[in-house]
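Residues per chain, in single letters:
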Amino acid sequence: MKNIYYYDTILGKIGIAEENDQITNLIFDNEQIEEDTDLKETNIIKKAISQLNEYLGGSRKSFELPLNPAGTEFQRKDWLALQQIPFGKTVSYKDIAEQIGCPKGARAVGLANNRNPIPIFIPCHRVIGADGKLVGYGGGIDKKGKLLELEGILLNK
């Protein structure tokens, strides 16, 4: 059974979900989660919100959480590559496509990023357009901009 618990953050209301002691989802206030989910704050969810609050407060640069995003093999490859992007750095969709062995797959990378079920913990916000501009983010461009600013990155929106 999947558990979820909601918190108020500087980014608005965020839900963190886990199943079998692994984080499976991070939900922004405008998203829905599966119906068969219990509202319950578990130890791993408490650990996740603690680390998230440290990150949002500027004292954490990486996460140490067991993550288990559900997705296709391509999506999981993409999400693994996203986790290699260092705090305070950005890359383009093309960069990720090349890294995962699909040099012409920038659009596919964009679609995989859009389906990332654990944003922030899997930092898809660090992927920007080839022109250096903010493009696409499931939580909204404003949240993407705030996350990048938190990491010391100022871009043209």
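You'll find the structure just up there.
Quick notes on the rules
Residues numbered from 1 in each chain as written. Predicted model: local features only at pLDDT ≥ 70, side-chain atom pairs only at ≥ 80, totals over all residues. Heavy atoms only, no water. Helix = DSSP H or I, 4+ residues; strand = E, 2+ residues; numbered from the N terminus. Rg over C-alpha atoms; globule rule 2.2 N^0.38 Å. Buried < 20%, exposed > 50% of the residue type's maximum accessible area, 1.4 Å probe, protein only. Contact = heavy atoms within 4.5 Å. Areas by Shrake-Rupley, 256 points an atom, 1.4 Å probe, with all protein chains shown as cover. Lys, Arg positive; Asp, Glu negative; His and termini not counted. Charge placed at Lys NZ, Arg CZ, Asp CG, Glu CD.

1. Section: the overall build of the protein
Thinking step 1. Along its length, the protein carries five helices and six strands.
Thinking step 2. Tracing the protein from N to C terminus, the helices and strands come up as β-β-β-β-α-α-β-α-α-β-α.
Thinking step 3. Relative to the 2.2 N^0.38 estimate, which gives 15 Å for 157 residues, the radius of gyration of the protein is 15 Å and therefore close to what a compact globule would have.
Thinking step 4. Seen along its three principal axes, the alpha-carbon backbone of the protein occupies a region of about 40 × 30 × 25 Å.
Thinking step 5. Within the span of the protein, comprising 157 residues, buried residues form 46% of the whole.
Thinking step 6. Within the protein, contacts between residues separated by at least 24 positions form 58% of all contacts whose residues are at least 6 apart in sequence.
Thinking step 7. Per element, the accessible surface of the protein, about 8400 Å² overall, is 46% carbon and sulfur.
Thinking step 8. Of the charged side chains in the protein, 20 are positive and 21 negative; the average position of the first set lies 7 Å away from that of the second.

2. Considering helix α5 (residues 141-150)
Thinking step 1. If you check which residues of α5 are buried, you get Lys 143, Lys 144, Gly 145, Leu 147 and Leu 148.
Thinking step 2. Tucked into the core, α5 has its buried residues touching β3 (22-28), α1 (43-56), α3 (93-99) and β6 (127-128).
Thinking step 3. Looking one or two residues past α5, Gly 152 carries a phi angle of roughly 85 degrees, positive in sign.

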